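# Structural description and commentary
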Amino acid sequence: MMHMFFQIWSWVMQPEVWRFVGFASAVVGLLCYALSSSFNYLFGSWNLWKIILYTVFSFIICSAVLFAKIWQQSRTLQFKAHIAFLVLTITSLYSFYYDKVVNGQPDAYSLITCVSFAIMSLSLSRKKTQCGFEIDLLYFFLGCLLVQLMKIKLLLFFVGTCFSYSLIILRTCFSSMDASLDNELPNSLQDENNHVVVEVHSDSAQQTQVMNQDISDLQKKEKGIQEQNNMLLKRSSHITHDKAYMTKLVLKLDIHDYKIKQKAMKAATSVSGIDSVSMDTKDKKMTLIGDIDPLKVVAKLRKICHAEIVSVGPVKEEKKV
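Fair warning: this is a prediction, and the values are worked out from it, not measured in the lab.

What follows covers the overall build of the protein chain. Of regular secondary structure, the protein chain possesses 12 helices and four strands. Burial statistics for the protein chain: of 321 residues in total, 32% are counted as buried. Split by element, the accessible area of the protein chain, about 20,700 Å² in all, is 64% carbon and sulfur.

Right, let's talk about the environment of leucine 301 for a bit. As for its position among the elements, leucine 301 is in helix H12 (residues 294–301). If we ignore the near neighbours within four places in the chain, the residues touching leucine 301 are Leu251, Leu253, Ala264, Ala267, Ala268, Met286 and Ala307.

Per the stated rule, a full pass over the model turns up eight aromatic pairs. Pairing phenylalanine 39 with tryptophan 46 gives two aromatic rings, centres 4.4 Å apart and planes at 10 degrees, and the pair type is stacked. Where phenylalanine 117 meets phenylalanine 141, the ring centres are 5.2 Å apart and the plane angle is 50 degrees; that geometry is what we call tilted. Here phenylalanine 117, found in helix H6 (residues 108–126), pairs with phenylalanine 141, found in helix H7 (residues 134–152); they are 24 residues apart in sequence, far enough to count as distant. Classification of phenylalanine 117 as buried rests on a relative accessible area of 11%. For phenylalanine 141, a relative accessible area of 14% gives the class buried. Taken together, the ring pairs connect Tyr33, Phe39, Phe43, Trp46 and Tyr54 into an aromatic cluster.

Together, Leu48, Trp49, Ile52, Val56, Phe59 and Ile60 make up a nonpolar patch on the protein surface, roughly 710 Å² of accessible area in all. In this structure, phenylalanine 59 sits in helix H4 (residues 48–66). What makes phenylalanine 59 exposed here is its relative accessible area of 60%.

This part covers helix H11 (residues 258–269). Along an α-helix, residues three or four apart share an orientation, since each turn contains 3.6 residues. Taking 1.5 Å per residue as the helical rise, H11 with its 12 residues ought to reach 16 Å, and the 16 Å between its terminal C-alpha atoms agrees with that figure. Regarding H11, the residues found buried are Ile260, Lys261, Gln262, Ala264, Met265, Ala267, Ala268 and Thr269.

This brings us to the confidence of the model for the protein chain. For the protein chain, per-residue confidence averages 75 on the pLDDT scale, and 73% of positions sit at 70 or higher. Of all the helices and strands in the protein chain, helix H9 (residues 187–190) carries the lowest mean pLDDT, 44, while H4 carries the highest, 88.

Moving on, we get to H12. Buried residues of H12: Pro294, Val297, Val298 and Leu301, and no others. For H12, the buried positions fall inside an angular range of 95 degrees around the axis, keeping them on one side. Residues of H12 that are exposed and point over 90 degrees away from its buried face: Leu295 and Lys296.

What counts, and where the lines are drawn
Residues numbered from 1 in each chain as written. Predicted model: local features only at pLDDT ≥ 70, side-chain atom pairs only at ≥ 80, totals over all residues. Heavy atoms only, no water. Helix = DSSP H or I, 4+ residues; strand = E, 2+ residues; numbered from the N terminus. Buried < 20%, exposed > 50% of the residue type's maximum accessible area, 1.4 Å probe, protein only. Areas by Shrake-Rupley, 256 points an atom, 1.4 Å probe, with all protein chains shown as cover. Contact = heavy atoms within 4.5 Å. Phe/Tyr/Trp six-rings, centres within 6.5 Å; stacked < 30°, edge-to-face > 60°. Patch = residues over 30% accessible without salt bridge, like charges linked within 9 Å, V, L, I, M, F, W, Y side chains within 5 Å. Salt bridge = Lys/Arg side-chain N within 4 Å of Asp/Glu carboxyl O. Expected span 1.5 Å × (residues − 1). pLDDT = per-residue confidence, 0-100. Arc of directions from axis to C-beta.

Right, dumping it as structure tokens:
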């Protein structure tokens, strides 16, 4: 019995399952909202133009949820800040006009809408879109659900809190599973991805000392990993490349943390023909030397982060005195 339970649990935790769940929740939520009394209070009765606009809007939302996997590339902090501000503005305006216009008890369609959109937001956080608003959107719809249930009957508040608590606990399970998957990386990458642990109640001076020490340790490990990768490339190479055919490629990478950086290093070393790889952390520049195709290297790195070519050319031989 327990074995079957663990199998079902592992199946439920799969990202592809939540991709379908998020899409289905978005479809159900949009349909129920179109039929709810809230829509009629806010936007009036239906006409041809409203049907066309709502259909286009629903198609965009459903497509974004279904194909959210393509958003998994690293996002800049500025992008996340703008998206989070946009979501905050839209939800605040909606809450203001909803409280001002809608009177009386909500209908069943409004409740189903909040539940569906909350599950949709949870599915986006499971797929790690890294847009910075998924959890906030989840809390917003759960809050709307609790308020609407209390308008119907105060005791229904406990039903809403139980549902909200289950979704929040499920979200923490997603985070725990992602952390355990990160710990299963190879030993050469595992040390690089260790988190800096700082006690919340410790003094600020002690926190700064621990963080500086951990950062210096990570930098030393980074240099060791780069040297180890270069040694492995030289030992595993079965073809001696003539220096006349060697190419030096310098790339500018949009790297913000050690995890993305290590993934980029691993992807670069997997390209055939690479003789050496080095990374300038300060300037965010990666230098590759070998018999390589620059376009193939850039295409592979852009699957991880934004990459652009700074320079490409033959390797210059050192002048002998």
